Amino acid sequence: MVQILMKTSGLLNRQTILSINQKRIQKPATSETVLALNTNKYQYGTASQPHTQTTVQPGPVIKAPIPQKPIPQLAHPMQKGQKISLESKAPLLKIKACLGWNVTNTSCDVDVSAFLLNANGKVLGDSWFVFYGQEQSPDKSTFFFIDSGAGREIISVDLQKLNTQVQKIVFVLTINEALEKHLNFSMVKDAYIRIIDQDSNQELASFQMDEYYSNVTSMMIGELYKHNNIWKFHAIGNGVARDLAGLCGLYGVSVI
């Protein structure tokens, strides 16, 4: 995967969400671009290479094998459904949600999304979710990164900058083109999330999934939420048969 700064405008639709996947390494996408980003991700060169019309012989698209990554040592593992406070004496200022996984089917291209929700469980607006195609939240509190270390992808959150209306951040794993290619989470393994205090670089909580479902294409792996002005973490580990466009609709992003 290649990082791009993706900004959408206007109402999102299924074509918009898929087309982000087609243009990961092209110019910034528009409202015509969030389901097609998946299909061409192995067909483009670098952004600096001009497009020229050429005649090519049809042939199979060869995907590079996805390297396996070991699960790091989890210092504070949680059980599915467990909730814990992330704050003790001092208030929590900045966290990183570090996520990793492996796959048993190399067609599975897994990604992380973070939905920033209000007290009613809905996004504050259409741009209030962060993923590979939209790498920061409007308040510049929440960012998406590729993890060059032990994990796969990272969502960082500066709680001091976070809009006060945001009461929950849900971290979701999705499989690109899962519905089109008949992929599901029975083809994924070793999925985990670690919540790290950015100031001390210490793990506050972690959760490794041990249940994977053939009827699920998106997994809510965990959520950061505020209760009585204290930030807590909930290890969820449940999924739905929806793609990224479906999740947008679930959390209140306008999808038409």
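Looking at this structure, I do not really get the overall build of the protein chain. What am I missing?
Counting its secondary structure elements, the protein chain contains 3 helices and 12 strands. Looking at the protein chain residue by residue over its 256 residues, the buried ones come to 48%. When the accessible surface of the protein chain is summed, it comes to about 12500 Å², and 50% of that surface belongs to carbon and sulfur atoms.

How should the pattern of salt bridges be read in this particular structure?
Any two side chains of opposite charge can pair, on the condition that their charged atoms come close. Under the counting rule described, the total for this entry stands at 4 salt bridges. Put simply, Glu211 and Lys80 hold a salt bridge, and the shortest N to O gap is 2.7 Å. Placement of Glu211 in the loop between β10 (202–208) and β11 (218–227) and of Lys80 in the loop between β1 (77–78) and β2 (83–85) is noted, with a sequence separation of 131 residues between them. With a relative accessible area of 33%, Glu211 lands in the partly exposed category. Judged by relative accessible area, which is 33%, Lys80 ranks as partly exposed.

Explain the sheet that holds strand β4 (residues 110–117) to me, please; I cannot follow it from the model alone.
Working definition: the strands of a sheet are paired by backbone hydrogen bonds and lie parallel or antiparallel to each other. As summarised here, the arrangement of the 6 strands in space is β2-β12-β11-β8-β4-β5, forming an open sheet in which the pairing is antiparallel. Unpaired on one side and paired on the other, β2 and β5 (129–130) mark the two borders of the sheet. Bridge analysis of strand β8 (residues 168–175) against β11 gives 7 bridges, and the strand direction is antiparallel. Paired with Val170 across the bridge in β11 is Glu223.

I tried to follow the nonpolar core on my own but got confused; where do I start?
Nonpolar side chains in soluble globular proteins generally cluster together in the buried interior. Grouped together as the largest cluster of nonpolar side chains are 58 residues, with contacts concentrated most on Phe115 and Leu173. Beyond its immediate sequence surroundings of up to four residues, Leu173 is in contact with Leu99, Trp101, Val110, Asp111, Val112, Phe185, Ala191, Thr217, Ser218, Met219 and Ile221.

Would you take a moment to explain the packing of aromatic side chains for this structure?
In this description, an aromatic ring pair is defined by two values, namely the gap between the centres and the angle between the planes. The final tally for this structure, using the stated rule, is 5 aromatic pairs. Here the aromatic rings of Phe131 and Tyr132 are separated by 5.1 Å at their centres, their planes lie at 65 degrees, and the arrangement is edge-to-face. Judged by relative accessible area, which is 1%, Phe131 ranks as buried.

Would you mind showing me how to read the pairing of strand β3 (residues 94–103) here?
Judged by how many residues are buried, β3 sits mostly within the fold: 8 of 10 residues are covered. Here β3 runs beside strand β7 (residues 153–158); their pairing, made up of 6 bridges, is antiparallel. Residue pairing in the sheet places Leu99 in a bridge with Glu153 of β7. Both β3 and strand β9 (residues 188–197) contribute to a ladder of 8 bridges, which runs antiparallel. Each residue of the ladder has a partner; that of Cys98, found in β9, is Arg194.

Could you clarify how one ought to interpret the pairing of β4 in this entry?
Consecutive residues of a regular strand have side chains that alternate between opposite faces of the sheet. Summarising burial for β4: 8 of the 8 residues are buried, a large majority. Because side chains alternate across β4, one face comprises the buried residues Val110, Val112, Ala114 and Leu116, and the other comprises Asp111, Ser113, Phe115 and Leu117, equally buried. Two elements, β4 and β8, share 8 bridges in a ladder whose sense is antiparallel. Within β8, the residue paired with Val112 across the bridge is Leu173. Pairing analysis gives 2 bridges linking β4 to β5, with the strands arranged antiparallel. Across the sheet, residue Phe115 finds its bridge partner in β5, namely Phe129.

Mind showing me how you'd approach unusual backbone geometry here?
Phi is positive for His182, which is not a glycine, with a value near 60 degrees. By the secondary structure assignment, His182 is in the loop between α2 (178–181) and β9. Although it is not a glycine, Asp190 sits at a positive phi angle of roughly 60 degrees. With respect to the element layout, Asp190 can be found in strand β9. On the basis of relative accessibility, which here comes to 23%, the residue Asp190 falls in the partly exposed class.

How each quantity is defined
- As a convention, each chain's residues are numbered from 1 in the sequence order in which they are written.
- Two thresholds apply to this predicted model, a pLDDT of at least 70 for residue-level local features and 80 or more for giving and counting side-chain atom pairs, whereas whole-chain, interface and lining totals are computed over all residues.
- Here the side-chain values reflect all heavy atoms present in the structure, with hydrogen atoms and water set aside.
- Secondary structure follows DSSP: runs of H or I at least 4 residues long count as helices, runs of E at least 2 residues long count as strands, and numbering of each begins at the N terminus.
- Accessibility here uses a 1.4 Å probe with only protein chains present; expressed as a share of the type maximum, an area under 20% marks a residue as buried, one over 50% as exposed, and anything in between as partly exposed.
- Only the protein chains shown count as cover for residues, with accessible areas throughout obtained via the Shrake-Rupley method and a probe of 1.4 Å.
- Any carboxyl oxygen of Asp or Glu that lies within 4 Å of a side-chain nitrogen of Lys or Arg is treated as forming a salt bridge with it.
- Following DSSP output, two strands are said to pair if at least two bridges run between them.
- By nonpolar core is meant a set of buried Ala, Val, Leu, Ile, Met, Phe, Trp, Tyr and Cys residues that side-chain atoms within 4.5 Å join together.
- Two residues form a contact once any of their heavy atoms are found within 4.5 Å.
- Two rings from Phe, Tyr or Trp (for Trp, the six-membered ring) form a pair when their centres sit within 6.5 Å of each other. Planes less than 30 degrees apart are called stacked, planes more than 60 degrees apart edge-to-face, and all others tilted.

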